[in-house]
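What follows is each chain in one-letter form.
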Amino acid sequence: KQEVTQIPAALSVPEGENLVLNCSFTDSAIYNLQWFRQDPGKGLTSLLLIQSSQREQTSGRLNASLDKSSGRSTLYIAASQPGDSATYLCAVRPELGGATNKLIFGTGTLLAVQP
Amino acid sequence: ETGVTQSPTHLIKTRGQQVTLRCSSQSGHNTVSWYQQALGQGPQFIFQYYREEENGRGNFPPRFSGLQFPNYSSELNVNALELDDSALYLCASSPGQEQETQYFGPGTRLLVL
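Side note on the overall build of chain A
Here's step 1: Looking only at helices and strands, chain A has zero helices and eleven strands in total.
Here's step 2: Over its C-alpha atoms chain A spans a radius of gyration of 14 Å, differing by no more than 12% from the 13 Å that the globule rule assigns to 115 residues.
Here's step 3: Referenced to the eigenvectors of the C-alpha coordinate spread, the extents of chain A come out at roughly 45 × 30 × 20 Å.
Here's step 4: When the 115 residues of chain A are sorted by exposure, 43% land in the buried category.
Here's step 5: Long-range contacts, defined here as pairs at least 24 residues apart, represent 55% of the contacts in chain A between residues at least 6 apart.
Here's step 6: Surface exposure of chain A reaches about 5,300 Å², of which carbon and sulfur atoms provide 50%.
Here's step 7: Considering chain A, the positive charge centre built from 9 side chains and the negative charge centre built from 9 side chains are found 6 Å apart.

Comments concerning unusual backbone geometry
Here's step 1: Residue Pro8 of chain A follows Ile7 of chain A across a cis peptide bond; omega there is -5°.
Here's step 2: Relative to the assigned elements, Pro8 of chain A resides in the loop between β1 (4-7) and β2 (10-14).
Here's step 3: Here the bond from Ser7 of chain B into Pro8 of chain B is cis, since omega is -10°, no more than 30 degrees from zero.
Here's step 4: Mapped onto the elements, Pro8 of chain B comes out in the loop between β1 (5-7) and β2 (10-13).
Here's step 5: With phi around 50°, Arg51 of chain B is a residue other than glycine that occupies positive phi space.
Here's step 6: As for its placement among the helices and strands, Arg51 of chain B is situated in the loop between β5 (44-50) and β6 (53-57).
Here's step 7: Look at Ala80 of chain B: it is not a glycine, yet its phi comes out positive at around 45°.
Here's step 8: With respect to the secondary-structure elements, Ala80 of chain B resides in the loop between β8 (74-78) and β9 (87-94).

Some points on the packing of aromatic side chains
Here's step 1: Under the criterion given, the structure shown has eight aromatic pairs over all chains.
Here's step 2: Between Phe36 of chain A and Phe105 of chain A, the aromatic rings sit 5.5 Å apart at their centres with planes inclined by 45°, giving tilted as the arrangement. Residue Phe36 of chain A is located in strand β4 (residues 30-38), and its partner Phe105 of chain A is located in strand β10 (residues 104-105); the two are separated by 69 residues in the primary sequence. The pair Phe36 of chain A / Phe105 of chain A is uniform in exposure class, with both members buried.
Here's step 3: Between Phe60 of chain B and Phe64 of chain B the ring centres are 5.1 Å apart and the planes differ by 65°, which places this aromatic pair in the edge-to-face class.
Here's step 4: A relative accessible area of 13% places Phe60 of chain B in the buried class.
Here's step 5: Each residue in the set Phe36 and Phe105 of chain A together with Tyr35, Phe45 and Phe104 of chain B is aromatic and connected to the rest through ring pairs, giving one cluster.

With respect to the state of the cysteines
Here's step 1: Going through the model one piece at a time under the given rule, you end up with two disulfides over all chains.
Here's step 2: Here Cys23 of chain A is linked by a disulfide to Cys90 of chain A, with a sulfur-sulfur distance of 1.9 Å. Linking Cys23 of chain A and Cys90 of chain A, the disulfide has an S-S dihedral of approximately 65° and is accordingly described as right-handed. Of the two residues, Cys23 of chain A sits in strand β3 (residues 19-25) while Cys90 of chain A sits in strand β9 (residues 86-94), which places them 67 residues apart along the sequence.
Here's step 3: Across the disulfide, Cys23 of chain B is cross-linked to Cys91 of chain B (sulfur-sulfur distance 2.0 Å). Torsion about the S-S bond of the Cys23 of chain B and Cys91 of chain B cystine: about 75°, corresponding to right-handed handedness. Here Cys23 of chain B is found in strand β3 (residues 19-24), whereas its partner Cys91 of chain B is found in strand β9, with 68 residues between them in sequence. Each of the two residues, Cys23 of chain B as well as Cys91 of chain B, counts as buried.

A closer look at the nonpolar core
Here's step 1: Leu33, Trp35 and Leu75 of chain A are the most contacted members of the largest nonpolar core, which has 23 residues in total.
Here's step 2: Of all the secondary-structure elements, those providing two or more residues to this core are β3, β4, β5 (44-51), β7 (62-67), β8 (72-77), β9 and β11 (109-114) of chain A.
Here's step 3: Apart from the residues lying within four places of it in its own chain, the contact partners of Leu75 of chain A are Leu19, Val20, Leu21, Trp35, Leu47, Leu48, Leu62, Asn63, Ala64 and Tyr88 of chain A.
Here's step 4: With 20 residues, the next largest nonpolar core counts Val4, Leu21, Trp34 and Cys91 of chain B among its residues.

Describing the sheet that holds strand β7 (residues 64-68) of chain B
Residue and element names in this part refer to chain B.
Here's step 1: Pairing in this open sheet of four strands is antiparallel, and the strands run β1-β3-β8-β7 from one edge to the other. The open sheet is flanked by β1 and β7, the only strands paired with a single partner. Taking the axes of each pair of neighbouring strands and ignoring which way they run, one obtains an average angle of 20° across the sheet.
Here's step 2: Of the pairings in the sheet, the one linking β7 to β8 comprises five bridges and is antiparallel in character. Among the inter-strand pairings, Gly66 is bridged to a residue of β8, identified as Leu76.

What counts and how
Residues numbered from 1 in each chain as written. Chains lettered and ligands numbered in written order. Predicted model: local features only at pLDDT ≥ 70, side-chain atom pairs only at ≥ 80, totals over all residues. Heavy atoms only, no water. Helix = DSSP H or I, 4+ residues; strand = E, 2+ residues; numbered from the N terminus. Rg over C-alpha atoms; globule rule 2.2 N^0.38 Å. Buried < 20%, exposed > 50% of the residue type's maximum accessible area, 1.4 Å probe, protein only. Contact = heavy atoms within 4.5 Å. Areas by Shrake-Rupley, 256 points an atom, 1.4 Å probe, with all protein chains shown as cover. Lys, Arg positive; Asp, Glu negative; His and termini not counted. Charge placed at Lys NZ, Arg CZ, Asp CG, Glu CD. Phe/Tyr/Trp six-rings, centres within 6.5 Å; stacked < 30°, edge-to-face > 60°. Disulfide = S-S within 2.5 Å. Core = buried A, V, L, I, M, F, W, Y, C linked by side-chain atoms within 4.5 Å. Pairing = 2+ DSSP bridges. Axes fitted to C-alpha atoms, helices over the stretch in contact; angles between N-to-C directions.

Okay, here's the thing in structure tokens:
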């Protein structure tokens, strides 16, 4: 059974710091891994999607890496800003998900960036 | 904004009651998935509908059921509510049953007393 774990559960940093969020998964049989951002009352927003054959993806100040064989992914946020404060979730799409785009999520990291 | 809307935004029910949650998909999307997110947890997959048929289900009991309509809007129905059903319910629409791009709605927060 696929399990997704995120560390740390919560993180508080001063504005301007670079930070790394970690995600691990137990079964390497995945199609892809996504990082989402969740703001209160606004659902989930996809930040980055990494295919299983890729090693990393970048979007602006965000960089996500994937090491499928070791079951790990990291989300790197450069020069953090107060507007980055949110819960960050990683999710994998398992190869054995059937004819669906089912995602298995971690429990998230609550990030607070202090001005 | 993703174009996916959900109603109501908040709901309070008592144990044993039944509830219906609604989701309006983004235009042109024929697939909708429902997730349950308990407080402090990540979302868990309930089921997916593709062109009005359920085509995948997570580890949820039969009292969780759904419908998808010809206009691809969707309902999640939960019978015999339990306290542990208190959660944020999210729907996500996509242009195909195995498409990677999914757009999530803002969710319905259900409290069962």
